[in-house]
Amino acid sequence: MTGRRTETSDGTLADLAKATSERLPRMLDDVARLLNEHWPDYAEFIVTERDEVLVSANMFLQRLLRMAKWDIAELSGIADQGADRFGEQPLFEEIGRAQWQQGRDLTSLLSAYQIGARVAWHHVAEVALEVGVPSDMFASLAEAVFIFVDQLSSASARGYVLEQSESAAMRERLRDELADMLLSDRSDSAAIRDAAARVDWPLPRQAAVVLVEPDNPVGSALLGRLGNSSLHVRRQRLVCAIVPDPDGPQRRQRLASALRGAGAVVGHAVPLEHLPASMHVAELAAQLRRTHVLEDDPVFVDEHLDSIIVHRDAKLFDAMRHQCLAPLAHLGPVTRKRLCETLACWLRHLGDRRAMAEELHIHPQTVRYRMTQLRELFGESLDDPDNRRRLTLALAWGTSDPGDV
């Protein structure tokens, strides 16, 4: 027969309820004793909060006895409905959440449940035999005990996992907020200290940004390997990480090795309050890497500050080159290129024609001839120190033909 056992006397259940209630203190003592060896905190809770635990235990016991009115087939049908079928899911989910919040292992909690279930069944079974519970009800009672503890365990496990997931998501949001604050020139140091404390991120003396292109999966993966000491930021045009103390012992070498093949740019190390400015310079370096002006792998910004300064404003730089190299603009491409090479070599070697001839692999007389051409084109401006500096910039970093500028 399925459904509630209407033929079972209320008197038998009443006797069972009364006898098991009287046994509850002994039952809790047995549970505490068994827990004390491996989980003393749980055992202590049972002792120090005894009155509260007795009330809760009695409530669960009464609910368990009501479950005994169902036969095994019907109990099996409700086994998958969860603890909420008996109104306990929220409470035991909260217990699971608390387990995570306190840094405890889930298996210890579930093991404690199993110990409690075994002790409870030992006492309930003894009382059931003493009061003459029918065999079919006895079987349902045994089934109910372990269904009940399985459902409570599932609820706590669900709460534990939910809290773990939500905590991880919250932690990532807080880390994202900290990274955004560090890259914002509107954040004050007190707010940054508070944000760093919330995510247990020790504020470094200096930090640097590491940038990779967003469509570079290798770069994104390698950034992920930098570990939790780095803060990760995803912007519209770049994937970024903030790396603490990049100039620490062997840190630069490890960064170079970890980022090789990622197409990365490593900004120069600065105090935290200067990170926004450092980020801007690193973004300029990333643009120069896209146009192959910088080709290191990875690019360390502090090794290329001269190139970044020169190319910071491409239009302005092109205008300067056009002005400096205007005397060559009317020449043919081959002649123009040859004289540019000669002029750059002359500036490097401070007019030493023998050194120029060796570098250019030409005869010294050819050097003399070319320099005569250049003096005819540039006139006395070649002797002007300021003009020489401008010519050095124009020739050292210029990649386009001066006739096209």
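Predicted model, so just to flag it, every value in this text is computed and none were measured.

Student: Describe helix H10 (residues 251–259), listing the residues and the values that go with them.
Tutor: Every α-helical turn comprises 3.6 residues, leaving residues that sit three or four positions apart pointing alike. Within H10, the full set of buried residues consists of Arg251, Leu255, Ala256 and Leu259. The buried residues of H10 occupy an angular sector of 135 degrees when projected down its axis, which confines them to one face. Turning to H10, the residues buried within the fold contact strand S1 (207–212), helix H9 (217–224), strand S3 (239–244), strand S4 (265–266) and strand S5 (299–300). Where H10 terminates, the next one or two residues include Gly261, which has phi positive at roughly 90 degrees.

Student: Explain the packing of aromatic side chains residue by residue, including any values.
Tutor: Two measures describe an aromatic ring pair: the distance that separates the ring centres and the angle between the ring planes. Here the structure, examined in full by the defined rule, presents two aromatic pairs. Between Phe92 and Tyr113 the ring centres are 5.7 Å apart and the planes differ by 65 degrees, which places this aromatic pair in the edge-to-face class. Of the two residues, Phe92 sits in helix H5 (residues 89–101) while Tyr113 sits in helix H6 (residues 106–131), which places them 21 residues apart along the sequence. What makes Tyr113 buried here is its relative accessible area of 14%. With 5.8 Å between their ring centres and 85 degrees between their planes, Trp100 and Tyr160 make a pair best called edge-to-face. Linking Trp100 in helix H5 with Tyr160 in helix H7 (residues 135–182), this pair joins segments that are 60 residues apart in sequence. Overall, the relative accessible area of 29% leaves Trp100 in the partly exposed class. Residue placement shows Arg252 over the ring face of Phe300; its charged tip is 4.2 Å from the ring centre.

Student: If you had to explain helix H14 (residues 333–348) to someone new, which residues and values would you point to?
Tutor: Taking 1.5 Å per residue as the helical rise, H14 with its 16 residues ought to reach 22 Å, and the 23 Å between its terminal C-alpha atoms agrees with that figure. The complete set of buried residues in H14 reads Arg336, Leu339, Cys340, Thr342, Leu343, Ala344, Cys345, Trp346 and Leu347. Those residues of H14 that are buried are in contact with helix H15 (353–360), helix H16 (364–378) and helix H17 (385–397). Just downstream of H14 lies Leu350, where phi reads positive at about 55 degrees.

Student: Kindly report on the pairing of S1, identifying the contributing residues and their values.
Tutor: Within S1, six of the six residues are buried, leaving the element largely enclosed by the surrounding structure. The side-chain alternation of S1 yields two buried faces, one formed by Ala207, Val209 and Leu211 and the other by Ala208, Val210 and Val212. In this structure, S1 lies alongside S3, joined through six bridges in antiparallel fashion. Looking across to S3, one finds that Leu211 is bridged to Cys240. Pairing between S1 and S4: two bridges, direction antiparallel. Counterpart to Val210 in the pairing with S4 is Val266.

Student: Outline the pattern of salt bridges, supporting the account with residue identities and numerical values.
Tutor: Applying the stated criterion across every chain yields a total of 16 salt bridges. Between Arg388 and Asp383 there is a salt bridge, with its nearest N and O atoms 3.6 Å apart. With a shortest N-O distance of 2.0 Å, Asp386 and Arg389 are connected by a salt bridge. Residue Asp386 and its partner Arg389 are both found in helix H17; the two are separated by three residues, about one turn of the helix. Residue classification places Asp386 among the partly exposed residues on the basis of a relative accessible area of 37%. Using a relative accessible area of 52% as the deciding quantity, one classes Arg389 as exposed. Linked through salt bridges whose partners overlap, the residues forming this network are Asp247, Arg252, Asp302 and Glu303.

Student: With reference to specific residues and values, describe the packing of helix H13 (residues 314–324) against H17.
Tutor: Here H13 crosses H17 at 115 degrees, and the two axes come no closer than 9 Å. For H13 against H17, the interelement crossing comes out left-handed. From H13, Phe317, Met320, Arg321 and Cys324 reach across to H17, where they touch Arg390, Leu391, Leu393, Ala394 and Trp397. Of the residues in the contact of H13 with H17, the class split is seven nonpolar, no polar and two charged.

Rules of the game
- Residues numbered from 1 in each chain as written.
- Predicted model: local features only at pLDDT ≥ 70, side-chain atom pairs only at ≥ 80, totals over all residues.
- Heavy atoms only, no water.
- Buried < 20%, exposed > 50% of the residue type's maximum accessible area, 1.4 Å probe, protein only.
- Helix = DSSP H or I, 4+ residues; strand = E, 2+ residues; numbered from the N terminus.
- Arc of directions from axis to C-beta.
- Contact = heavy atoms within 4.5 Å.
- Phe/Tyr/Trp six-rings, centres within 6.5 Å; stacked < 30°, edge-to-face > 60°.
- Lys NZ or Arg CZ within 6 Å of the ring centre and 35° of its normal.
- Expected span 1.5 Å × (residues − 1).
- Pairing = 2+ DSSP bridges.
- Salt bridge = Lys/Arg side-chain N within 4 Å of Asp/Glu carboxyl O.
- Axes fitted to C-alpha atoms, helices over the stretch in contact; angles between N-to-C directions.
- Left-handed = near helix turned anticlockwise from the far one by under 90°.
- Nonpolar A, V, L, I, M, F, W, Y, C, P; charged D, E, K, R; others polar.

The quantities given are spatial measurements derived from coordinates; they are silent on function.
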